[in-house]
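Now for the letters of each chain:
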Amino acid sequence: MDNQSSSKPLKILIVAAEVVPFAKVGGLADVAGALPIALRDMGHDVRVAMPKYGRIDNAKFNLKPIIEPFAVPMDGHSVDVDILEGSIAEHVPVYFIHNEHYFDREGIYSYPDDDERFILFCRAAVEMLKKLNWQPDIIHCNDWQTAIIPNWLKTIYKDDPFFAHTASLYTIHNLAYQGVFGQRVLEIAGIAEHGFVYPQIQDLAGVVDLMGRGILYADAINTVSETYAQEILTPEFGEKLDPLLRERQDRLFGILNGIDTELMNPKTDSYIAANFDAMNLEARAANKADLQKEGNLDPRPDVPVIGLISRLANQKGFDIMAPVMDSLLNLLDVQFVLLGTGDQYYHEMFGKLAAHYPGKAAVFLTFNASLAQKIYAGSDIFLMPSRFEPCGLGQMIAMRYGSIPAVRSTGGLADTVHDFSPTTGEGNGFAFTPYEPMALYATLVRALENYRYKDTWRKLQTRDMSADYSWDNSARKYVDVYRKAMSFQAQQ
Ligand code: ADP
């Protein structure tokens, strides 16, 4: 690639089913809301497309119709859609695709016609580009809801001159949700004649797996950390798509998500009791006292507090925590604070734990953004013993707030947390690999031991607080991968 093409600003369309601040279910929304701004700051022309769900308030976000309603082909007939324009930030337009029947509903997912809803959304997003006469260099698709677009670019739009120079990137945020439907979905999407594409994978032979199609047809593919990009090539992490991923591993990349470093800033955070930074770590003590008060914990500045904020789901490692919690709280001088919601089983498990250890364990079974900030700012150790973790944001936020992560070394946790060695002084947290209760316990004991050495601990905090987890870093890597996708596309 010559210098000129590698510095040329790109035209990028990001297509996502959720985007902060308009609609959020999970991490995808954070990425789709933050990445475009970082790309704009690098000089690219970046625009976003998402569905206009019923819950998105036109007036609040100042959404305006931009083109006449038009007919979008679907399932052998056509459906009318209209497009409203809003923005995430200056010069980052968001195109909201609206159809009363499919999108004027309270929720985002889990309707019986989700296949039709997201196929219509995608088709309208692609057709809209012609109406706007805006030819993107890259269409960046995310998760199963938009996985049909790379498939279309290689089938029904293959010979369309409008898309002759449009490449696609497909990002896997969560391999567990694949959008698996029956054969009918091919008719709905207008690609029935192209048939099934992976009879070699037994589980997928009789179904349409939209994520599988995104992987198979995109010019490039990425997931949200380098280690996870390697892990999903194996049957253990591949959720049955590992054979497909292995087939395409020459174009599979890992790019760590960033965090919103303006919002997640202990120096300015308005939710926490006392603002602080790496130069002024003494001020952090007031946050610990505040957290102990909030959780009815014994008000002791000297005792290490272990924090945990998480969806209460199997993925997050609670099965290896369960057998060691009693030893942890009985044998060690430590306090524990948990904030999370999810499986009823874990609600009961942690509810009992809190009742058993008053003054030592505090459990909040709710979703609470301000309390989360207080835990990041007031805990000493932040625990993430995940079974698997595509990226993980908690460990990066914790580091920014001077809470030292103790993690299982998997996916994005392996890429961001490196085990501390008191001998060499290297490392930024505490990490273990075997997914076993004793490995977790031993790691916490090591962290607590190091906590006793105040100078060591302070060095760790300073190191962690100065690490760069901003979106700028990730956006640069996305641009590299966009350009790779473009060159793969050009080679065909
Ligand atoms: P995942 O996306 O798998 O849930 P991540 O670590 O990537 O895990 O992101 C979780 C994010 O959600 C973090 O920012 C965390 O602080 C936040 N979070 C999780 N549970 C809660 C809760 N109960 N209350 C407030 N914030 C939460």
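To be clear, the structure that these remarks concern was listed above.
Computed from a predicted structure; not experimentally measured.

Reading the values: rules and limits
- Residues numbered from 1 in each chain as written.
- Predicted model: local features only at pLDDT ≥ 70, side-chain atom pairs only at ≥ 80, totals over all residues.
- Heavy atoms only, no water.
- Helix = DSSP H or I, 4+ residues; strand = E, 2+ residues; numbered from the N terminus.
- Buried < 20%, exposed > 50% of the residue type's maximum accessible area, 1.4 Å probe, protein only.
- Polar contact = N/O pair within 3.5 Å; in protein donor to acceptor, adjacent residues only side chain to side chain.
- Contact = heavy atoms within 4.5 Å.
- 1 Å grid on protein atoms, 1.4 Å probe; cavity = no way out; pocket = protein on both sides within 12 Å on 5 of 7 lines; lining within 4 Å.
- Points joined across faces, edges and corners; volume = space filled by probe spheres on them.
- Nonpolar A, V, L, I, M, F, W, Y, C, P; charged D, E, K, R; others polar.
- Near = heavy atom within 4 Å.
- Areas by Shrake-Rupley, 256 points an atom, 1.4 Å probe, with all protein chains shown as cover.
- Core = buried A, V, L, I, M, F, W, Y, C linked by side-chain atoms within 4.5 Å.

1. Comments concerning the side chain of Asn 99
Consideration 1: Structurally, Asn 99 is set in the loop between strand S5 (92-98) and helix H3 (100-103).
Consideration 2: With relative accessibility at 9%, the residue Asn 99 sits in the buried group.
Consideration 3: A polar atom in the side chain of Asn 99 sits 2.9 Å from the backbone oxygen of Asp 80.
Consideration 4: For Asn 99, the contacting residues outside a window of four places in its chain are Val 79, Asp 80, Val 81, Asp 104 and Leu 120.

2. Structural notes on empty space enclosed by the protein
Consideration 1: Tallying each qualifying case throughout the model produces one cavity of 30 Å³ or more.
Consideration 2: Each pocket or cavity is described by its volume, and for the largest cavity that value is around 30 Å³.
Consideration 3: Around the largest cavity, the lining residues are Ile 14, Leu 28, Val 31, Ala 32, Leu 35, His 140 and Asn 142.
Consideration 4: Those elements that provide at least two residues to the lining of the largest cavity are helix H2 (27-41) and strand S6 (138-142).
Consideration 5: The class makeup of the residues in the lining of the largest cavity is five nonpolar, two polar and no charged.

3. A few points about the site of the ligand
Consideration 1: Near the ligand there are 17 residues, and of these Arg 311, Lys 316, Thr 366, Tyr 376 and Leu 393 occur at the shortest range.
Consideration 2: Tyr 376 places a side-chain nitrogen or oxygen 2.6 Å from an oxygen atom of the ligand.
Consideration 3: In the model, an oxygen atom of the ligand is placed 2.9 Å from a nitrogen or oxygen of the Leu 393 main chain.
Consideration 4: Protein chains shield 82% of the accessible area of the ligand, which is 560 Å² for the free molecule.
Consideration 5: Mapped onto the shell around the ligand, the elements with two or more residues apiece are strand S12 (305-312), strand S13 (335-342), helix H14 (369-378) and helix H15 (394-400).
Consideration 6: Here the shell around the ligand gets three residues from one element, more than from any other, and that element is S12.
Consideration 7: For the shell around the ligand, the class distribution of residues is eight nonpolar, six polar and three charged.

4. Looking at the side chain of His 44
Consideration 1: In this fold, His 44 is placed in the loop between H2 and strand S2 (45-51).
Consideration 2: We classify His 44 as buried; its relative accessible area is 8%.
Consideration 3: Within polar-contact distance, the side chain of His 44 engages the backbone nitrogen of Leu 10 at 2.9 Å.

5. Observations regarding the layout of surface pockets
Consideration 1: The computed volume of the second largest pocket comes to approximately 390 Å³.
Consideration 2: If you trace the second largest pocket, you find 16 residues lining it, with Leu 281, Ala 285, Lys 288, Asp 380 and Tyr 451 closest to the centre.
Consideration 3: Broken down by secondary-structure element, the contributors of at least two residues to the lining of the second largest pocket are helix H10 (285-294) and helix H18 (454-465).
Consideration 4: For the lining of the second largest pocket, the residue count by class is seven nonpolar, two polar and seven charged.

6. Some details on unusual backbone geometry
Consideration 1: Following Val 20, the chain continues to Pro 21 via a peptide bond in cis, the omega torsion being 10°.
Consideration 2: Along the chain, the position of Pro 21 falls in the loop between strand S1 (11-15) and H2.
Consideration 3: Phi is positive for Asp 75, which is not a glycine, with a value near 55°.
Consideration 4: Along the chain, Asp 75 falls in the loop between strand S3 (64-74) and strand S4 (77-89).
Consideration 5: What makes Asp 75 partly exposed here is its relative accessible area of 25%.
Consideration 6: Positioned with a positive phi, Ser 110 is a non-glycine residue whose angle comes to about 75°.
Consideration 7: Note on placement: Ser 110 falls in the loop between H3 and helix H4 (114-132).

7. Points about the environment of Val 20
Consideration 1: By secondary structure assignment, the location of Val 20 is in the loop between S1 and H2.
Consideration 2: Residue Val 20 is classed as partly exposed on the basis of its relative accessible area of 28%.
Consideration 3: Once you skip the residues sitting within four places of it in the chain, Val 20 turns out to touch Ala 29, Asp 30, Gly 33 and Ile 88.

8. A short note on the nonpolar core
Consideration 1: Ranked by internal contacts, the top residues of the largest apolar core, which has 106 residues, are Ile 149, Trp 152 and Tyr 482.
Consideration 2: In terms of residue count, H4 provides more of this core than any other element does, ten residues in total.
Consideration 3: Discounting chain neighbours no more than four positions away, the residues touching Trp 152 are Ile 119, Cys 122, Arg 123, Val 126, Tyr 157, Lys 158, Ala 189 and Ile 191.

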